[in-house]
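# Breakdown of the fold
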Amino acid sequence: MGLEIWKWSVLVLVIFCGRLVTGWCLNIVIFMIERNYLFRQKVLHFVYGLKKSVLVFIWLDLILLAWCLLINRGVKRTRKTNRILNYVTRTLASCLIGAAIWLAKAMLIKIDASSFHVKRFFDQIQETLFRPMRK
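Computed from a prediction, not measured in an experiment: that's the story for all the values here.

Parameters and conventions
- Residues numbered from 1 in each chain as written.
- Predicted model: local features only at pLDDT ≥ 70, side-chain atom pairs only at ≥ 80, totals over all residues.
- Heavy atoms only, no water.
- Helix = DSSP H or I, 4+ residues; strand = E, 2+ residues; numbered from the N terminus.
- Buried < 20%, exposed > 50% of the residue type's maximum accessible area, 1.4 Å probe, protein only.
- Contact = heavy atoms within 4.5 Å.
- Phe/Tyr/Trp six-rings, centres within 6.5 Å; stacked < 30°, edge-to-face > 60°.
- Lys NZ or Arg CZ within 6 Å of the ring centre and 35° of its normal.
- Core = buried A, V, L, I, M, F, W, Y, C linked by side-chain atoms within 4.5 Å.

### Details of the overall build of the protein chain
- Looking only at helices and strands, the protein chain has 3 helices and 0 strands in total.
- Listing every helix and strand of the protein chain by position from the N terminus yields α-α-α.
- Taken across its 135 residues, the protein chain has 24% of its residues classed as buried.
- Restricting the contact set of the protein chain to residue pairs at least 6 apart, pairs at least 24 apart contribute 76%.

### Here we look at the packing of aromatic side chains
- For the structure shown, the criterion picks out 1 aromatic pair.
- A centroid spacing of 6.3 Å and a plane angle of 65 degrees characterise the contact between Trp-8 and Trp-67, whose relative ring orientation is edge-to-face. Of this pair, Trp-8 sits in helix α1 (residues 5-36) while Trp-67 sits in helix α2 (residues 41-71), and the two are 59 residues apart along the sequence.
- Over the aromatic face of Trp-102 sits the side chain of Lys-105, whose NZ or CZ is 4.2 Å from the ring centroid.

### Considerations on the nonpolar core
- Residues Leu-11, Leu-60, Ile-63, Trp-67, Ile-71 and Leu-92 are the most contacted members of the largest nonpolar core, which totals 14 residues.
- Within the residue set of this core, elements represented by two or more residues are α1, α2 and α3 (79-130).
- Top element by residues in this core is α2. It accounts for 8 residues.

Remember that the coordinates give geometry; whether it matters functionally is a separate question.
The structure is reproduced here in structure tokens:
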């Protein structure tokens, strides 16, 4: 048999634990961004809005990388097996492309929304922050 059990075990581990580890790493990055940009609401809103899209994109990237490195290379297989493995590879690649498009859409919406809010509400926010308190 060309596919050892350890390769399938690693692939299953990447699928189930990859999202968890990616989430932890992303939370650490977000914490560092929070520390540096504590009082800039625009940055924090942008980061939290993209969190899930970035998480899914990195997770699918890890799955495709594990699939290509472990399962889909190096061993001679029959024509039918190669065809099936190519379909799985194309499916994973199309999911990754879909996640990239979703990430780009989310980023464009966040950029557009943040520029709208700054233009629309900047004067009101500044007035509220710097208005002398009335007694």
